[in-house]
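Chains, contacts and geometry: an overview
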Amino acid sequence: MARWCYRHRLVVLLLWVGALFGLGFAATTAGTDYANVFSLPNTDSKRAYDQMEKAFPDSAGDTDTVVWKVADGTVRDASVRDRIQPVLDEIAGMKGVGQVAGPYQGERGAAQISRDGTIAYAQITFAEQANAVPKELVQDVVDTAQGAEQAGLQVELGGQAIQRVQEPPTGLAEMVGILAAALVLFLAFGSLFAMLLPIGIAIFGVGTGLFSTQLLSHTTDIPDLAPLLATLIGLGVGIDYALFIVTRHRRGLLRGLESEESAVVALNTSGRAVLFAGGTVCIALAGMLVTNLRFLDGVVIGTSLTVVFSVLAATTLLPALLGVLGTRVLSRRQRRKLAEQGPEPERASGAAARWSMSVQRRPRTIAVLALAVMAVLALPVLSLHLGATDQGNDDSTTTTRQAYDLLAEGFGPGFNGPLQVVVTGGDTDALAKSIGGTPGVAAVAALPPANGVTVIQVVPTTSPQSVKTDDLIDTLRDRVIPDAGASAHVGGVTAVSKDFATITGDRLPWFVATIIGLGFLLLLIAFRSLVVPLTAALMNLIAAAASFGVLVAVFQWGWGLDLLGLGKEGPINAFLPVIMLSLLFGLSMDYQVFLVSRMHEEWVHTKDNARAVRVGLAETGRVINSAALIMVCVFLAFVLSGDAGAAMAGVGLAAAVALDAFILRTALVPAAMHLLGNSNWWLPAWLDKRLPHLAVEPAEEPSGDAAPVRSGAASAVHGFVRDAEGEAVDGAVLTLLSKGGRQLDRVTSLADGSYIVSVPAPGTYLLSATARSYGTRAHHVVVTDEPLVHDVELIQGEVDADAVN
């Protein structure tokens with residue numbers, strides 16, 4: 001497939017461009033129909049909602065609020081009234097505004113004035129829901145209302161529609177994330193074209209995914225949070241997947257491969273890992289369906305579609321673009337050096353090789369330090385409080401936050417989240433009286449009945465996000481309503497949020513068990529080991545605990561919120577654990593696959609665990625860290641999205657990816673694997689026979705330049721092992737490996753440094769030498785029918801990068 005895409009690059013490019021613009025045109029023409037459906041079957045708040053829907057079928061559109069406060073006098077003063085009322089009348093006359101209920105309209109309006117008379121509010125009901133109200137109309141309402149401000153008179157507005165017009169420009173977060181990723185890519189590659197490739201792949205993947213999600217919003221319920229999260233994950237995985245493949249392709253070019261052959265090899269190696277990693281991300285996202293929360297179904301659709309398109313772009317469009325660019329994916333300096341000096345041997349970077357050796361020398365110390373860091377970061381998770389953010393968590397400079405604070409000041413903190421007790425039977429007056437006498441209730445008002453249903457508005461004394469408000473809801477449901485002998489249900493936004501958090505918390509263990517179990521099975525089949533998937537599952541849990549600890553410290557405790565400009569502390573959104581765990585599991589599986597697949601490849605060839613772990617970390621550590629840095633940049637950029645949920649998810653995922661890549665995968669995992677030794681690769685024989693085979697790495701092709709193996713040794717390699725001063729090295733271990741990496745012979749040098757290894761047949765082999773207190777050296781040797789004399793020099797404390805490879 002990679003070769004076909006490379007050779008038919010213009011066709012592939014035209015198909016992708018046509019798909020992107022075709023889907024874009026269709027989605028733009030159809031528009032959006034996102035729906036935030038918090039359907040919670042078999043909950044009290046859902047029953048209350050269903051009863052209200054039957055009783056009030058003609059409920060109006062989105063209701064927003066205008067709040068004003070006077071510094072002197074009261075809002076009833078003629079000077080204030082004469083300034084506010086004309087503004088409310090002007091807003092009521094705007095096209096798209098259904099009605100305006102102000103405080104100067106009869107007895108009911110008088111209830112919209114605070115007891116001290118300094119604060120009042122008016123309710124603006126639009127003809128449509130918040131997402132459908134034109135931004136121009138909302139902005140006109142805001143400008144008109146705030147035009148009434150003067151010295152001593154403060155006017156603020158709150159509500160969902162108002163919140164939309166104060167969000168940053170659409171695409172700002174995405175643009176900042178892409179620019180940050182481009183900078184990291186340019187520093188990593190040193191080539192403009194190589195930098196643009198992953199960015200382009202991500203744009204095609206995210207673009208086609210978002211347009212498809214937008215079209216699907218007309219056929220199924222997809223929340224407006226879904227495209228934000230899809231962009232978040234799509235940009236991250238799209239850039240990362242392309243980065244892995246482009247890195248492998250550039251490595252092939254530097255080793256002297258032709259551009260087409262290098263692209264094919266890159267797709268047949270890193271491309272396979274991308275397919276496997278993308279599949280694990282989709283499986284992790286599909287795990288959200290286990291929770292049976294309808295709200296998350298649309299999130300699964302949007303994010304999974306974007307991941308699928310990102311994988312398709314990386315495995316089809318990318319080889320086509322590699323064909324268009326040829327060797328220009330290398331920097332000018334690299335192309336010049338390749339032309340003048342010829343191909344260079346593949347070698348890991350010095351820093352990666354040195355770190356890999358450090359982990360091998362001190363695995364216990366590094367493992368203990370890494371665990372200590374993760375444990376400290378995980379401590380705040382013990383005080384995790386799930387709930388829902390509202391406009392009280394907005395930045396203090398926004399009009400929605402100031403309107404929220406004014407309403408809380410004038411009418412009590414519970415006014416921003418009233419409860420709705422929907423009564424369908426029994427003595428309503430007795431129930432209202434009983435509710436009014438319940439501790440924690442500030443005010444009670446029964447609305448006129450309709451179709452046999454009466455709604456009692458209950459204002460708590462505490463804020464919607466307070467634990468005491470949750471306790472009040474339980475008290476009303478468990479004691480007050482049954483004692484009154486009434487048939488009633490407690491609903492409202494606050495009650496829905498509480499029920500959502502409760503259900504999420506109850507189902508979270510099943511969800512975690514599902515995705516951890518699926519990950520275990522995938523890694524078990526791929527790497528034929530019980531210990532590797534067990535280690536991965538444990539690391540995923542550690543990463544999740546530490547990342548949620550960071551979330552609690554930032555968003556619930558308020559550490560650094562002012563610095564990030566993210567408003568006021570509050571509970572963690574109830575839906576976030578499910579979404580974050582899915583994404584974290586998928587992304588951490590990506591890194592686990594790229595890291596362990598290289599270790600597994602080395603283990604299969606050499607059966608040397610220490611070497612396998614050292615080589616795997618040295619060769620993949622740098623690219624994993626670069627990929628993680630890109631994801632951190634993309635995720636953190638969503639702090640600028642203006643959406644509290646997306647900002648929370650961005651910070652949480654950035655912390656999770658950083659901890660997973662920089663501490664777990666490059667320190668704790670390899671340290672643990674060094675400590676476990678050959679046990680890493682243990683699998684009972686009976687289980688090995690019954691498991692299907694799923695290879696992340698391609699099968700090795702037989703070497704074409706080696707003669708068939710004959711019985712007995714056809715020849716030998718012999719010589720002396722000496723140090724830099726020419727002294728003999730006693731006890732050095734010399735290993736002869738086939739071209740595919742299979743161990744053929746292993747000997748130990750004698751006191752005079754001499755050695756001899758047997759060679760099965762003429763051909764090219766790898767001879768590795770290592771000794772205590774010395775580095776490891778490895779060289780290719782070409783053996784004919786005659787014995788080959790090959791002396792080895794070991795340097796104390798120095799590691800040859802070729803040996804790591």
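Anyway, here's the lowdown on the structure attached to this text.

Conventions used here
- Residues numbered from 1 in each chain as written.
- Predicted model: local features only at pLDDT ≥ 70, side-chain atom pairs only at ≥ 80, totals over all residues.
- Heavy atoms only, no water.
- Pairing = 2+ DSSP bridges.
- Helix = DSSP H or I, 4+ residues; strand = E, 2+ residues; numbered from the N terminus.
- Axes fitted to C-alpha atoms, helices over the stretch in contact; angles between N-to-C directions.
- Core = buried A, V, L, I, M, F, W, Y, C linked by side-chain atoms within 4.5 Å.
- Buried < 20%, exposed > 50% of the residue type's maximum accessible area, 1.4 Å probe, protein only.
- Contact = heavy atoms within 4.5 Å.
- 1 Å grid on protein atoms, 1.4 Å probe; cavity = no way out; pocket = protein on both sides within 12 Å on 5 of 7 lines; lining within 4 Å.
- Points joined across faces, edges and corners; volume = space filled by probe spheres on them.
- Salt bridge = Lys/Arg side-chain N within 4 Å of Asp/Glu carboxyl O.
- Phe/Tyr/Trp six-rings, centres within 6.5 Å; stacked < 30°, edge-to-face > 60°.
- Lys NZ or Arg CZ within 6 Å of the ring centre and 35° of its normal.
- Expected span 1.5 Å × (residues − 1).
- Bend = angle between axes of the 7 residues up to and from the residue.
- Arc of directions from axis to C-beta.
- Parallel < 35°, antiparallel > 145°, perpendicular 65-115°, else oblique.
- Nonpolar A, V, L, I, M, F, W, Y, C, P; charged D, E, K, R; others polar.
- Patch = residues over 30% accessible without salt bridge, like charges linked within 9 Å, V, L, I, M, F, W, Y side chains within 5 Å.
- Areas by Shrake-Rupley, 256 points an atom, 1.4 Å probe, with all protein chains shown as cover.
- Polar contact = N/O pair within 3.5 Å; in protein donor to acceptor, adjacent residues only side chain to side chain.

Read across the sheet, four strands follow the order S13-S12-S15-S16 without closing on themselves; strand pairing throughout is antiparallel. Of all the strands in the sheet, just strand S13 (743-748) and strand S16 (777-783) have a single pairing partner and so form its edges. Each neighbouring strand pair of the sheet contributes to a mean axis angle of 20 degrees, computed without reference to strand direction. Inspection of the sheet shows strand S12 (residues 733-737) paired to S13 by five bridges, in the antiparallel sense. Its bridge partner being in S13, Leu-736 is matched across the sheet by Asp-745.

To continue, consider the nonpolar core. Membership of the largest hydrophobic core comes to 154 residues, with the highest contact counts inside it found for Met-288, Phe-555, Tyr-591 and Phe-635. By residue number, the principal contributor to this core is helix H24 (residues 644-676), which donates 18 residues. If we ignore the near neighbours within four places in the chain, the residues touching Phe-555 are Leu-561, Leu-566, Glu-569, Gly-570, Ile-572, Ala-647, Met-648 and Val-651.

In this section: the environment of Arg-255. Following the sequence through the fold, Arg-255 ends up in the loop between helix H10 (225-254) and helix H11 (259-286). Considered as a pair, Arg-255 and Pro-343 are 88 residues apart in the sequence and their alpha carbons are 4.7 Å apart.

A word on empty space enclosed by the protein. Using the criterion set out here, one finds one cavity of 30 Å³ or more in the structure. By volume, the largest cavity is sized at about 60 Å³. Surrounding the largest cavity, Val-512, Ile-515, Ile-516, Asn-540, Leu-541, Ala-544, Leu-581, Leu-584 and Phe-585 form its lining. At the level of elements, helix H19 (493-527), helix H20 (531-556) and helix H22 (576-606) are the ones that each hand at least two residues to the lining of the largest cavity.

Unlike most non-glycine residues, Arg-528 shows phi in positive territory, near 50 degrees. Within the element layout of this structure, Arg-528 appears in the loop between H19 and H20.

On to the pattern of salt bridges. Applying the stated criterion across every chain yields a total of twelve salt bridges. With a closest N to O distance of 2.8 Å, Lys-69 and Glu-409 form a salt bridge. Of this pair, Lys-69 sits in strand S1 (residues 63-70) while Glu-409 sits in helix H16 (residues 399-411), and the two are 340 residues apart along the sequence. Of the residues examined, Lys-69 reaches a relative accessible area of 24% and is grouped as partly exposed. Here Asp-608 and Arg-746 are joined by a salt bridge, their closest N and O atoms 3.9 Å apart. Note that Asp-608 is positioned in the loop between H22 and helix H23 (609-637) and Arg-746 in strand S13, a separation of 138 residues in sequence. Connected through shared salt-bridge partners, Arg-3, Arg-7, Glu-260 and Glu-261 make up one network.

Time to look at the packing of aromatic side chains. Inspection of the entire model under this criterion finds seven aromatic pairs. Ring centres of Trp-603 and Trp-681 lie 5.7 Å apart, and the angle between their planes is 15 degrees; this geometry places the pair in the stacked category. With Trp-603 in helix H22 and Trp-681 in the loop between H24 and helix H25 (685-690), this pair connects stretches of sequence that are 78 residues apart. Note on Trp-603: relative accessible area 11%, which makes it buried. Feature note: the residues Tyr-121, Phe-411 and Phe-415 constitute an aromatic cluster, connected by ring pairs. When the ring centre of Tyr-6 is taken as reference, the NZ or CZ atom of Arg-9 above it lies at 5.2 Å. Against the face of Phe-193 rests Arg-328, its NZ or CZ located 5.6 Å from the ring centre.

Here the focus is the sheet that holds strand S9 (residues 487-491). Think of a sheet as strands paired side by side through backbone hydrogen bonds, with each pair either parallel or antiparallel. Strand order in this open sheet of four strands is S7-S8-S6-S9, and the pairing throughout is antiparallel. Pairing within the sheet leaves two strands with one partner each, and these edge strands are strand S7 (441-446) and S9. Recorded for the sheet is a direction-independent mean angle of 20 degrees between the axes of neighbouring strands. Relative to strand S8 (residues 454-460), S7 is paired through five bridges, and the arrangement is antiparallel. Bridging across to S8, Val-444 finds its partner in Val-458. Across the sheet, helix H3 (residues 44-55) lies against strand S6 (419-425), S8 and S9, angled at about 105 degrees from S9, the strand it touches most. Sheet strands touched by helix H17 (residues 428-436): S6, S7, S8 and S9. Its angle to S8, the strand with the most contacts, is close to 5 degrees.

Attention shifts here to the pairing of S12. Judged by how many residues are buried, S12 sits mostly within the fold: four of five residues are covered. Pairing of S12 with strand S15 (residues 763-770) involves five bridges; the strand directions are antiparallel. By the bridge assignment for S15, Thr-735 is matched with Ser-768.

It is worth spelling out the environment of Arg-690 at this point. Here Arg-690 shows up in helix H25. For Arg-690, a relative accessible area of 62% translates into the label exposed. Along the chain, Arg-690 and Tyr-121 lie 569 residues apart, while their C-alpha atoms are 70 Å from each other.

If you check helix H12 (residues 294-325), its first and last C-alpha atoms are 45 Å apart, about what 32 residues at 1.5 Å a residue would give, namely 46 Å. Of all the bends in H12, the largest measures some 35 degrees and sits at Leu-317, one to four residues before the proline Pro-319. With respect to burial, H12 is a largely interior element, 25 of its 32 residues being buried. Phi turns positive one or two residues past the end of H12, at Gly-326, with a value near 65 degrees.

Moving on: H17. All buried positions along H17 are accounted for by Thr-428, Leu-431, Ala-432 and Ile-435. Seen from one end, H17 has its buried residues packed into an arc of 100 degrees, which puts them on one side. Across H17 from its buried face, at more than 90 degrees, point the exposed residues Asp-429 and Lys-433. On its buried side, H17 packs onto S6, S7, S8, helix H18 (467-484) and S9.

Contact geometry for H10 and H22: axes closest at 12 Å, N-to-C directions at 0 degrees. In terms of axis orientation, H10 runs roughly parallel to H22. Between H10 and H22, the contacting residues are Leu-229, Ile-233, Val-237, Asp-240, Tyr-241 and Phe-244 on the first element and Ile-579, Leu-583, Leu-587, Asp-590, Tyr-591 and Phe-594 on the second. In terms of residue class, the contact of H10 with H22 is made up of ten nonpolar, no polar and two charged.

A contiguous nonpolar patch, built from Phe-186, Leu-192, Phe-193 and Leu-196 and spanning about 360 Å² of accessible area, is present on the exposed surface. No other element matches helix H9 (residues 192-216), which puts three residues into the nonpolar patch. As for its position among the elements, Phe-186 is in helix H8 (residues 172-189). Take Phe-186: its relative accessible area is 38%, and that puts it in the partly exposed class.

This part covers the environment of Asn-680. Turning to its location among the elements, Asn-680 is positioned in the loop between H24 and H25. A relative accessible area of 0% means that Asn-680 is categorised as buried. Counting along the chain gives 149 residues from Asn-680 to Val-531, while the straight-line C-alpha distance between them is 5.1 Å. Residues contacting Asn-680, with those up to four places away along its chain left out, are Ser-529, Val-531, Val-532, Asn-609 and Met-673. In terms of polar contacts, Asn-680 uses its side chain to reach the backbone carbonyl oxygen of Met-673, at 2.6 Å.

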